[in-house]
Amino acid sequence: PKRGEDKLRSPICCIMGHVDTGKTKLLDCIRGTNVQEGEAGGITQQIGATYFPAVNIRERTRELKADAKLRVPGLLVIDTPGHESFTNLRSRGSGLCDIAILVVDIMHGLERQTIESLNLLKMRNTEFIVALNKVDRLSGWKTCKNKPIFKAMKQQSKDVQMEFNWRLTQIITQLKEQGLNTELYYKNKEMGETYNIVPTSAISGEGIPDLLLLLVKWTEKTLVEKLMFTNEVQCTVLEVKAIEGQGTTIDVVLVNGVLHEGDQIVVCGTQGPIVTTIRALLTPHPMKELRIKGSYLHHKELKAAQGVKINAQGLDHAVAGTGLYVVGPDDDVEDIKEATMQD
Ligand code: GTP
Ligand code: MG
Ligand code: NA
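Residues numbered from 1 in each chain as written. Chains lettered and ligands numbered in written order. Predicted model: local features only at pLDDT ≥ 70, side-chain atom pairs only at ≥ 80, totals over all residues.

### Re the environment of Val130
Line of reasoning, step 1. Among the structural elements, Val130 can be located in strand 5 (residues 127–133).
Line of reasoning, step 2. C-alpha of Val130 to C-alpha of Asp343: the two residues are 213 residues apart in sequence and 31 Å apart in space.
Line of reasoning, step 3. Those residues within four positions of Val130 in sequence are excluded, and the remaining contacts are Leu102, Val104, Thr182, Tyr195, Asn196 and Ile197. (Helix = DSSP H or I, 4+ residues; strand = E, 2+ residues; numbered from the N terminus. Contact = placed C-beta atoms within 7 Å.)

Encoded structure:
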């Protein structure tokens, strides 16, 4: 790496939107996995996390012939549920991210949780890209597998293009009613003022290169301010899970800093603060989902950002959604215990 680049952490991108707009399917399309079909009722009920190494993103954007050089190690993508009963998880996800993808179903336009998600992003001033998903459902759509959207659009009949433009215009109007200026990304001349819309299909992959390239571009634009690596650990507990043969583990998102095997940590518990020691630091393989059972990679240390499974004693009563703190050599455990319970 060039000088200074090791000082940047991977950005965290949260994927949000109404139920069944295709959030998980979009990630499946990028990962080459089939997480969505394994979900109970096809409904996401947990926050997920997947790490995309820079090399994979570069590969996937190659056809755009743009300079998708990532100056960060990769991208951590957080999947959230769109079902109305998981507002707390959408809020937790949006609280962790540096950028977001707001997924809208082109056949449905803005829906209730689209607007809820939008309000969460506005509240935190988070930049986002609108993925206008399911373009393959426009009647007569001609599949152009994994093609950049501009090329795919040129292959479509006049009727498909007309239906697309009509639906796009309606959705731009709906977003305007929410106080947002948006534009098809390749027509957008005021990036920053006007939010980008990328048409996609999670089934046939049109527009996926464009979506990834835009994420990269945004990253470069905001690198310095937001993505400076610090040694101070910033970490949130996503899920508390019993794993056969491992006892209770916690899935966390490491937002900044480094975690080590053997670190003394403090997490919030229903019966008071839990002080314990990291016995194992585990991640899924790159491009695999943390919330899906699979084989894990063991690490001596991990740098942010990452989705991590932590194995330690005494985690049975840990509380999801709270912070994880590392006890440093100069820290007073009692102070940290107190801070932990304030989450
Ligand atoms: P929740 O997490 O439960 O909110 O849903 P989600 O937004 O993750 O949507 P999901 O990935 O579960 O997809 C919902 C349904 O839409 C599934 O049946 C998908 O196969 C289908 N779907 C998703 N994306 C597309 C797409 O681009 N085109 C078409 N035709 N179907 C899609
Ligand atoms: Mg989902
Ligand atoms: Na779903």
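### What to know about the environment of Asp79
Line of reasoning, step 1. Looking at where Asp79 falls in the secondary structure, it is placed in strand 3 (residues 74–79).
Line of reasoning, step 2. The buried category is assigned to Asp79, around which 25 C-beta atoms lie within 10 Å.
Line of reasoning, step 3. Along the sequence, Asp79 and Lys23 sit 56 residues apart, while their C-alpha atoms lie 7.1 Å from each other.
Line of reasoning, step 4. In contact with Asp79, other than residues within four places in its own chain, are Ile15, Lys23, Thr24, Leu27, Thr44, Ile47 and Gly48. (Buried ≥ 20, exposed ≤ 12 C-beta atoms within 10 Å, placed from the backbone.)

### Quick notes on helix 6 (residues 158–177)
Line of reasoning, step 1. The end-to-end C-alpha distance of helix 6, which contains 20 residues, comes to 29 Å, matching closely the 28 Å that a straight helix rising 1.5 Å per residue would cover.
Line of reasoning, step 2. One or two positions beyond helix 6, positive phi appears at Gly179, with a value near 85°. (Expected span 1.5 Å × (residues − 1).)

### Quick notes on the site of ligand 1
Line of reasoning, step 1. Taken together, 22 residues lie near ligand 1, and Gly22, Thr24, Lys25, Thr44 and Gly82 sit nearest.
Line of reasoning, step 2. The residue inventory of the shell around ligand 1, partitioned by class, reads five nonpolar, 11 polar and six charged. (Near = placed C-beta within 6 Å. Nonpolar A, V, L, I, M, F, W, Y, C, P; charged D, E, K, R; others polar.)

### A look at helix 3 (residues 87–96)
Line of reasoning, step 1. Those residues of helix 3 that fall on the buried side of the exposure criterion are Leu89, Arg90, Arg92, Gly93, Ser94 and Leu96.
Line of reasoning, step 2. Close packing links the buried residues of helix 3 with strand 1 (12–17), strand 3, strand 4 (99–105), helix 4 (112–123), strand 8 (234–243) and strand 9 (247–256).

### Observations regarding the confidence of the model for the chain
Line of reasoning, step 1. Per-residue pLDDT for the chain has a mean of 94; in total, 98% of the residues score no lower than 70.
Line of reasoning, step 2. Predicted complex, confidence summary: ipTM 1.00, pTM 0.96. (pLDDT = per-residue confidence, 0-100.)

### Re unusual backbone geometry
Line of reasoning, step 1. The omega angle of the peptide bond from Ala304 to Ala305 is -5°, so this bond is cis rather than trans.
Line of reasoning, step 2. The residue Ala305 is located in the loop between strand 15 (301–303) and strand 16 (306–311) in this model.
Line of reasoning, step 3. One non-glycine residue, Asp20, lies in positive phi territory at about 65°.
Line of reasoning, step 4. With 19 C-beta atoms counted inside 10 Å, the residue Asp20 sits in the partly exposed group.
Line of reasoning, step 5. The phi torsion at Met287 lies on the positive side, around 65°, for a residue other than glycine.
Line of reasoning, step 6. Structurally, the position occupied by Met287 is in the loop between strand 13 (280–284) and strand 14 (296–299).

### Quick word on the nonpolar core
Line of reasoning, step 1. With 91 residues, the main nonpolar core has Cys13 and Ile78 as its most contacted residues.
Line of reasoning, step 2. With eight residues, helix 7 (residues 208–226) is the single largest residue contributor to this core.
Line of reasoning, step 3. Every residue in contact with Cys13, bar those within four places of it in the chain, is listed here: Leu75, Val77, Ile78, Cys97, Ile99, Ala100, Ile101 and Leu215. (Core = buried A, V, L, I, M, F, W, Y, C linked by C-beta atoms within 7 Å.)

### Some points on the environment of Thr222
Line of reasoning, step 1. Topologically, Thr222 is positioned in helix 7.
Line of reasoning, step 2. For Thr222 and Asp98, which are 124 residues apart along the polypeptide, the C-alpha to C-alpha distance reads 9.4 Å.

### Brief notes about the sheet that holds strand 4
Paired through their backbone hydrogen bonds, the strands of a sheet run either parallel or antiparallel.
Line of reasoning, step 1. Taken together, the seven strands give an open sheet; going across it, the order is 2-3-1-4-5-7-6, and neighbouring strands pair in mixed fashion. Edge positions in the open sheet fall to strand 2 (48–53) and strand 6 (182–184), since each of these has one partner strand only. Strand-to-strand twist in this sheet, taken as the mean axis angle between neighbours without regard to direction, amounts to 25°.
Line of reasoning, step 2. Examined bridge by bridge, strand 2 and strand 3 share six bridges and lie antiparallel to one another. For Thr50, the partnering residue across the bridge sits in strand 3 and is Val77. (Pairing = 2+ DSSP bridges. Axes fitted to C-alpha atoms, helices over the stretch in contact; angles between N-to-C directions.)

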